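Topology and contacts: notes
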Amino acid sequence: MSLIRLWLLSVVLVCLSAPDSFGLSVDNTSLKKDASILILGGGVTGAIAARTLRENGINNFVIVEARRELGGRLTSQMFGVPGREVTLELGANWVQGTQSGDGPANPIWTLVQKHGLHTHFNDWYGSISTYDTAGAADYIDVFDDSTDAYTNLTIAAGARVAKRLVDGTARTGYSLIGAKSQTAQAMASEYYQFDWEYAQTPEESSWIASSWGNNFTYNTDVGGFGDDNQMALDQRGFKYFIQAEAEEFLQLDQVRLNSTVKKIIHSNSGVTVELVSGESLRADYALCTFSLGVLQHDDVVFEPPLPDWKQEAIQSMVMATYTKIFLQFSEKFWFDTEMALYADPVRGRYPVWQSLDHKNFFPGSGIIFVTVTGDYSQRIEALSDAQVQEEVLGVLGTMFPNTTIPEPLAFHFPRWHSDPLFRGSYSNWPASFFSEHHQNLRATVGDRLWFAGEATSQKYFGFLQGAYFEGLDVATRIAACVQGGGCAGIQQVAQVTNARPYQI
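An account of the accompanying structure is given in this report. Note that this is a predicted model, so its numbers are computed, not measured.

Focus: the packing of helix α3 (residues 107-114) against helix α15 (residues 464-484)
Two elements in contact, α3 and α15, have axes separated by 8 Å at closest approach and are oriented at 95°. Taken together, α3 and α15 sit at an angle that is classed as roughly perpendicular. Residues P107, I108 and L111 of α3 form the contact with α15, whose own contacting residues are L464, Q465, Y468 and F469. Split by residue class, the contact of α3 with α15 holds six nonpolar, one polar and no charged.

Quick look at the sheet that holds strand β6 (residues 94-96)
Each strand in a sheet pairs with another by means of backbone hydrogen bonds, the pair being arranged parallel or else antiparallel. Reading across the sheet, the three strands line up as β6-β10-β7 and stay open at both edges, with antiparallel pairing between neighbours. Of all the strands in the sheet, the pair left with one neighbour each is β6 and β7 (119-121). Going from strand to strand, the sheet's axes swing by 30° on average, the running direction of each strand aside. Examined bridge by bridge, β7 and strand β10 (residues 229-232) share three bridges and lie antiparallel to one another. Residue pairing across strands places H120 opposite M231, the latter belonging to β10. Contacting β6, β7 and β10, α3 crosses the sheet at an angle of about 135° to β6.

Topic: the packing of helix α4 (residues 140-163) against helix α8 (residues 207-218)
Two elements in contact, α4 and α8, have axes whose closest approach is 9 Å; the angle formed by their N-to-C orientations is 110°. In terms of axis orientation, α4 runs roughly perpendicular to α8. Seen from above, α4 lies across α8 with left-handed handedness. Across from Y150, L153, T154, A156, A157, R160 and V161 in α4, the residues of α8 making contact are W207, I208, S210, S211, N214 and N215. Looking at the contact of α4 with α8, its residues break down into seven nonpolar, five polar and one charged.

Focus on empty space enclosed by the protein
Applying the stated criterion across every chain yields a total of three cavities of 30 Å³ or more. In terms of lining, the largest cavity is formed by 14 residues, of which the most central are F290, L295, A452, A455 and T456. Considered class by class, the residues forming the lining of the largest cavity number eight nonpolar, four polar and two charged. Lining the second largest cavity, in full, are T87, L88, E89, N93, M231, A232, L233, D234, F326, L356, F362 and F369. Listing elements by their share of the lining of the second largest cavity, those giving two or more residues are β5 (86-89) and β10. With three residues, β5 is the single largest residue contributor to the lining of the second largest cavity. Here the residues of the lining of the second largest cavity are counted per class, giving eight nonpolar, two polar and two charged.

Criteria and cut-off values
- Residues numbered from 1 in each chain as written.
- Predicted model: local features only at pLDDT ≥ 70, side-chain atom pairs only at ≥ 80, totals over all residues.
- Heavy atoms only, no water.
- Axes fitted to C-alpha atoms, helices over the stretch in contact; angles between N-to-C directions.
- Helix = DSSP H or I, 4+ residues; strand = E, 2+ residues; numbered from the N terminus.
- Parallel < 35°, antiparallel > 145°, perpendicular 65-115°, else oblique.
- Contact = heavy atoms within 4.5 Å.
- Nonpolar A, V, L, I, M, F, W, Y, C, P; charged D, E, K, R; others polar.
- Pairing = 2+ DSSP bridges.
- Left-handed = near helix turned anticlockwise from the far one by under 90°.
- 1 Å grid on protein atoms, 1.4 Å probe; cavity = no way out; pocket = protein on both sides within 12 Å on 5 of 7 lines; lining within 4 Å.
- Points joined across faces, edges and corners; volume = space filled by probe spheres on them.

Rendered as structure tokens:
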């Protein structure tokens, strides 16, 4: 393994920054810079931003990453007892929307193919078993109805856009099209269509934005990539596609791993980034690619504080949490389909199951996992592993009442919400979040401090391709600034206001 590969097997938190100001009204342009641009965070956005800078003739940049490898939320882990270990994906797991015919290709799919990652089609809708509190229960008809209801939800949202009607929650949309899930089976089926994708409930999600997020990825009629999805199974980890891409252009001195950012001091003459280690890095520009959750939790201090319009934008979007809970058993005792759905009286209680001990994935592995999202993810993070394991085994006992459920050989789940490097899994757009808020989420602070990530993508928020396109776009803009001797950056909206005054 090459030295550069050793360096690149890590996740870097990159922020493209500007020369340091220390909050003082002095000229810092004469201070020695460590780079022209600091990219804070080494996920997909940071890596693609670095590649884009290089393609524009700019090599004086440094990626600053808190973890020991590039990849960001592309996080994998070896799981299982000795002799039966498998590399599993704790975070992003699928290329969602690949390419249909000669239509546009998802850039993530392009990189996955370029670097030869092993993937397989995951049949979410055609290979599924259904269960409820009585055990196996055939409610595929209810499940199919929920699929149709979600399609109608997106169609109705598109009609509202055409008429310039206001947004509402996805729950409002479901109700207006007559899809009112009231039984446990109907609620579980709705969860599968909606929460399992957006990691939040219809009540917490924008009707219009959730629909365009789906359409721009899957619907070829509006420029989407197609409804195919490919599950990453590569034993180098899904992260390998971005690490291999980075290895083609990054030099050793362009990456700082194991470097957690503590404070960002910014002014119109530059940026200084203070690390937890006590070291300081200076640059002309900084690009922050931290997750929305990190920005919301103030895990990084900005000096001076970010302006009100930026803070409002950050706090108005939502960082959702998506949690996969893995179990390994000595032998398989569950369904033969790829997927299973469990309908519990409590909506969102251990509903979506997937067998990895399947001919299309890892046959003989004895591995199954269940996914929870949103508030339920945060709930289980507050419990011990033993408590969560007990609950999960209890659900398996309900699903398979005639089977004595054995103790698992291995058990693991990540705590995304609690992790200070992430504070969640990916962004979600609530109904109260306006397009002007999103503009301000993307906008630069001053002309030196830039922001990018999947959350700043209007079309693809929450998706890997959103992270890719934002890294490409913002780095292109920064390159133009550097080469042009400065620029105004991405402009903000001074105030986000109603179209009409309140009538009280």
